[in-house]
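Chain by chain, the residues:
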Amino acid sequence: MEYSFQARLAAKVIRRVKFILLPIKSVYIKYLNLSARRNYHAWAVHNERACFVDNGVKTEQKVSIVVPAFNTDSDHFLGMVYSVINQHYDNWELIIVNASSEPASIDKINNCTDLDTRIKIVGAKENISISSNTNIGIAPAEGDFIAFLDHDDLLHPCALHALMNEQALTDADIIYSDEDKVTHDGSRYYGPHCKPGWSPHLMENVNYINHLTVIRAKLVRKVNGLNDDCNGAQDYDLLHRIIDICNARVSNVAKILYHWRSAETSTARDISTKTYIFEAGKTTLTRHLKRKNINASVKVLGDKPGFYKIEYKSADPISLIVGPVDVFLRPACVNWLKELILDHENPIEIIIEDWFKPYAKILDATIITCLPQKDFLNHASRIAKYDNVIVFKEAAVPIEKEYLYELAAVAKGINSIVQPIIVGSDRTIIDAGLVESKYGLQPLFKGLKYGDNTFFGNTDWVRDIARVSESIYAGHKSDIRKIHSKQKDDLSHVVWAHTVFETRSYLQSNKNLKGFNSQLTQSMFEVRMVATTWDEQKDRSE
Amino acid sequence: MIKVAYIVVGWNNQDLLGECFDSINSQTYADKLIVYVDNNSSDDSVEFVKKNYPEVKIIEEGTNTGFAKGNNIGIKAALKEPGVGYIALINSDARLEPKWTQQIIDFSLLKPKGALFQSMTLDYYNHQIIDSTHIYISHNGQGTQAGWRYYFKSELGPSKVFGVNAAACMITRKFIEAQPFRSELFDERLFMYLEDIDLAARATVMGWDNYLVPNARAYHMGSVSSGKNPGFSLYMTFRNNTAVLLKNLPLSILIKILPKLVRADIETIKTLRRADKKAEAAKVLKGRLVGIIRLPLFFGRRMKMSRYRVINKQRLWRLMDKGY
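About the thresholds
- Residues numbered from 1 in each chain as written.
- Chains lettered and ligands numbered in written order.
- Predicted model: local features only at pLDDT ≥ 70, side-chain atom pairs only at ≥ 80, totals over all residues.
- Heavy atoms only, no water.
- Helix = DSSP H or I, 4+ residues; strand = E, 2+ residues; numbered from the N terminus.
- Rg over C-alpha atoms; globule rule 2.2 N^0.38 Å.
- Buried < 20%, exposed > 50% of the residue type's maximum accessible area, 1.4 Å probe, protein only.
- Contact = heavy atoms within 4.5 Å.
- Areas by Shrake-Rupley, 256 points an atom, 1.4 Å probe, with all protein chains shown as cover.
- Lys, Arg positive; Asp, Glu negative; His and termini not counted.
- Charge placed at Lys NZ, Arg CZ, Asp CG, Glu CD.
- Core = buried A, V, L, I, M, F, W, Y, C linked by side-chain atoms within 4.5 Å.
- Patch = residues over 30% accessible without salt bridge, like charges linked within 9 Å, V, L, I, M, F, W, Y side chains within 5 Å.
- Salt bridge = Lys/Arg side-chain N within 4 Å of Asp/Glu carboxyl O.
- Pairing = 2+ DSSP bridges.
- Buried area = accessible area lost by both parts, 1.4 Å probe.
- Polar contact = N/O pair within 3.5 Å; in protein donor to acceptor, adjacent residues only side chain to side chain.
- Nonpolar A, V, L, I, M, F, W, Y, C, P; charged D, E, K, R; others polar.
- pLDDT = per-residue confidence, 0-100.

K.L.:
Help me understand the overall build of chain B in this model?
P.N.:
The helix and strand inventory of chain B stands at eleven helices and twelve strands. Relative to its length of 324 residues, chain B is compact, with a C-alpha radius of gyration of 19 Å against a globular reference of 20 Å. Expressed as lengths along the three principal axes of its C-alpha atoms, the size of chain B is roughly 50 × 40 × 40 Å. Residues counted as buried form 57% of the 324 residues belonging to chain B. Sequence-distant contacts, at least 24 apart, represent 78% of the contacts inside chain B between residues at least 6 apart. When the accessible area of chain B is evaluated, it comes to approximately 13800 Å², of which 56% is carbon and sulfur surface. Here chain B carries 45 positive and 31 negative side-chain charges, and the mean point of each set is 10 Å from the other.

K.L.:
So what exactly am I meant to see when it comes to the overall build of chain A here?
P.N.:
The helix and strand tally for chain A stands at 15 helices and 25 strands. Burial analysis of chain A (542 residues in total) assigns 55% to the buried set. Sequence separation of 24 or more characterises 74% of the internal contacts of chain A that already satisfy a separation of 6 or more. Of the roughly 24200 Å² that chain A leaves accessible, carbon and sulfur atoms contribute 52%.

K.L.:
Help me understand the nonpolar core, please; the structure alone is not making it clear to me.
P.N.:
Considering soluble globular proteins, one finds that nonpolar side chains tend to be buried as a cluster. Formed by 111 residues in total, the largest nonpolar core has its most connected members in A:Ile350 and A:Ile390. Residue contributions to this core peak at nine residues, all from helix α12 (residues 403-414) of chain A. Excluding its chain neighbours within four sequence positions, the residues that come into contact with A:Ile350 are A:Leu320, A:Val322, A:Leu337, A:Ile341, A:Leu363, A:Ala365, A:Thr366, A:Ile367 and A:Ile368. Among the nonpolar cores identified, the runner-up in size contains 67 residues, and A:Val63, A:Ile96, A:Ile109 and B:Ala88 belong to it.

K.L.:
Explain a negative patch on the surface here, please?
P.N.:
Residue and element names in this part refer to chain A. A cluster of acidic side chains, namely Asp343, Glu345, Asp364, Glu400 and Glu402, defines a negative patch on the protein surface. Within the fold, glutamate 402 resides in the loop between β16 (397-398) and α12. For glutamate 402, a relative accessible area of 45% gives the class partly exposed.

K.L.:
Hey, could you run me through the pairing of strand β9 (residues 250-261) of chain A in this one?
P.N.:
Regular strands have side chains that alternate between both faces of the sheet. Residue and element names in this part refer to chain A. Extensive coverage of β9 is indicated by the burial of ten of its twelve residues. Examined bridge by bridge, strand β6 (residues 174-182) and β9 share nine bridges and lie parallel to one another. Paired with valine 182 across the bridge in β9 is arginine 261.

K.L.:
Whenever I open this one, the interface of chain B and chain A confuses me. Can you help?
P.N.:
When the parts of a complex come together, some accessible area is lost, and that lost area is often taken as the interface size. At the interface, 19 residues of chain B touch 19 residues of chain A. For the pair chain B and chain A, the two sides together bury roughly 1600 Å², of which 46% comes from carbon and sulfur. Connecting chain B to chain A are two salt bridges. Note that B:Arg318 and A:Asp75 form a salt bridge whose closest N and O atoms lie 3.5 Å from each other. Scanning the region where chain B abuts chain A turns up six residue pairs in polar contact (both at pLDDT 80 or more). Sorting the residues of the side of chain B that touches chain A by element identifies β10 (159-161), β12 (209-220) and α11 (313-322) of chain B as the ones contributing at least two each. Here the side of chain B that touches chain A takes four residues from α11(B), the largest share from any one element. Considered class by class, the residues forming the side of chain B that touches chain A number seven nonpolar, four polar and eight charged.

K.L.:
Would you mind showing me how to read unusual backbone geometry here?
P.N.:
The phi angle of most residues is negative, glycine excepted, and most peptide bonds adopt the trans form. Residue and element names in this part refer to chain A. Cis geometry marks the peptide bond from histidine 211 to leucine 212, where omega comes out at -20°. When you line up the elements, leucine 212 lands in the loop between α6 (200-203) and β8 (213-216). In this structure, asparagine 293 takes a positive phi of about 60° despite not being glycine. On the basis of relative accessible area, asparagine 293 is assigned to the exposed category, the value being 71%.

K.L.:
For this particular structure, what's the right way to read the environment of A:Arg330?
P.N.:
Residues and elements named next belong to chain A. Note on placement: arginine 330 falls in helix α10 (residues 330-340). Taking the C-alpha atoms as reference points, arginine 330 and tryptophan 355, separated by 25 residues in sequence, lie 8.3 Å from one another. Once residues within four sequence positions are removed from consideration, arginine 330 is found in contact with Val325 and Trp355.

K.L.:
Sorry, what's going on with a nonpolar patch on the surface here?
P.N.:
Together, A:Phe5, A:Leu9 and A:Val13 make up an exposed nonpolar region whose accessible area comes to about 300 Å². On the secondary structure map, A:Leu9 appears in helix α1 (residues 5-49).

K.L.:
Please explain the confidence of the model for chain B as it appears in this structure.
P.N.:
Low pLDDT means the predicted coordinates in that region are not meant to be read closely. A residue-level look at chain B finds 97% of positions with pLDDT of 70 or above and a mean pLDDT of 87. The complex model carries a pTM of 0.80, and its ipTM stands at 0.80.

K.L.:
I tried to follow the pattern of salt bridges on my own but got confused; where do I start?
P.N.:
Any two side chains of opposite charge can pair if their charged atoms end up close together. A full pass over the atoms with the stated rule returns 26 salt bridges over all chains. Residue A:Arg216 is joined to A:Asp173 by a salt bridge in which the shortest nitrogen-to-oxygen separation is 2.8 Å. Note that A:Arg216 is positioned in strand β8 and A:Asp173 in the loop between α5 (159-170) and β6, a separation of 43 residues in sequence. Where salt bridges share partners, they join B:Asp187, B:Asp198, B:Arg202, B:Lys247 and B:Arg301 into one cluster.

K.L.:
Which parts of the structure should I look at to understand the side chain of B:Ser138?
P.N.:
All names here are of chain B. Positionally, serine 138 belongs in the loop between β8 (134-137) and β9 (143-146). In this structure the side chain of serine 138 is engaged in a polar contact, spanning 2.6 Å, whose partner is the side chain of asparagine 140. Contact partners of serine 138, with chain neighbours within four places excluded, come to Thr144 and Met320.

K.L.:
Just to check I follow, could you spell out a positive patch on the surface for this structure?
P.N.:
The grouping of A:Arg8, A:Lys12, A:Arg15, A:Arg16 and A:Lys18 at the surface amounts to a positive patch. Summarising the element assignment, A:Arg15 is placed in helix α1.

This is the structure:
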């Protein structure tokens, strides 16, 4: 292709100046993120006054709010009580389990019945554990639904009404909402968490539902309330049991309705102060896997408190399908394949077009070549020998060698289409699947750094996505065929964020490869995900 | 059934009284007692009420005692009647919807510690516009009417507020009996203006709860009795403001708001002068100065109030932010 003199000159200049521009740009992006965080408080104050009530929907269900209290700070406690009293929805009852030991604190809590006749105080004889205290509160609850609240947290005035409206529309058993944090003295809102729609695979990694959750009381009673040997992760355990045993329908309200106060001892500020929580979470997940008959082990992630990884093990052989490659990229493709399957343990089979025949000997794998044809991928997935298939339409190598096998094992374990996160050399996410938004399908977290903290949670979380972006994906042979034949399917698509594939370093080492991943590399520096700012929260992804 | 006593204080506004009593009589809540306190009207208000509304209990004052004393006299008389559990204060320029009493009482039965209740008070001439949702002392020390001239949205829920507007409000008997200054509910030394702010601040710092009940509606014309003389109202507002702040608020909050108060006063005077209202600006200054001179009158009451003060200071400061 012929370029004009001016274009070549401009490219030359840009190549020189890029080293100065890129750091400036990264600083600017950091500044944008910071200012979005700073502006959040103003938005939250506005949001606190907004009304989310849909008067067209009629709900008469009673909500019981259960609060275990133990020697609480008077100001924080009253704040919680008044935030419930100010609820727009009036069919509620507040059950406070008074397990305090200090006389002043006991009196303070008992005096709360003066504030509203719908407040009930239940006395616990002694402070045994948070689970048993909460169970004492569940017993006298008369409501159709139960909400759990911490003794110092705050509710949005429309919180219950918005959740019950959603319940009336979807007839769900569990409804959860977004949340944010509020400083110790309640003066500033920060750190919002806009949650995705119901994602069972994310739930196995972290208790993202957390607050505020309204659960059908019948189901809570069916599973005998909270479990006493999971203290610290008792709500995580309860949710898993209800969803596993009762097949509960889960729905969410994408509005910030809950303010989590970051008190000194609360987990909002620093979760790592309470190590017993992780063990409880591990127990919870192990039981959950047992109920589901999944053969996997649970690992506590040390660097990320509160997070768990489910490790699927499999020594099954895998078939790799490599998509069509342009003529001038073929030498690079050979290098990439060599790097990809270096020192592999399990048997590997590669299905590729027949241009590869001359290079077949240099690779230590079974090579199946077939003639280039219109529906090559469909054909290839039909002739694949093994059940576990990984399709490569783009060149990328896993940053840890075993990620290739892990990807296949995960796809087999959770029985769905799984794709890894593809990053550049500077850990900028190039591809993490597609999610639904107001504007149709959008790339998830494209252009953000891997491990970044956004208002939608971190970018390195496992997520249920609307569709894999079909660059690299793994799955069972028959499921892959469904994807290729463009049928409407009921497969679940997951981006397994623990496996990271890198494309950038490979491109740098091979100058010839320019253009092979051109679409991806160009977009890398362009797009910042718009939905990560607070004012776009309606455009949020799934 | 708990009896509700409606108290109407009138001064030279016979033309408004008929409609006001009609709206009280149309209440669905049956058990009621109406007290009319006449502040030495020069028109034939008393004869008019006697003739058209024979069930109304009339109390005639020899002199114009002001809003505060007039209401106190009415309340004292009403509480002597057996079974009166609620006092409703109705301005002569306020109108009630028929369900007003019923809805407020239904709500107040849920709140054992409730002192003052206010309905959504809308503009009499345009029902789309809010006259007041509640009142509060803002962070710059000024008594403020909330929601004034805002468009009315029907989705508002009941909420705890700093205080209520005395144009149409309900007071529980429990709260009146818990007053530190014997049966004196409104401070008579204030004469007129900001008595409701004083009452609201007192209820709040004593740990009682005031509520806005948005289902109930009332309509208010606004400043009919004294709106003809804006200089006087400014003078009284700023004179009483000084006293109300000193009487009720804890010292730490007084110190916190003092610089903001001075700044807000200067802004007010500047704004009035810019609008070429030099006489009114002078009234503001005069009101503030007279208020400061009158401060020793209220020291005793401040000392007495401080014994009843139970609210957490941070909570009070946050409540003063927007009034809810």
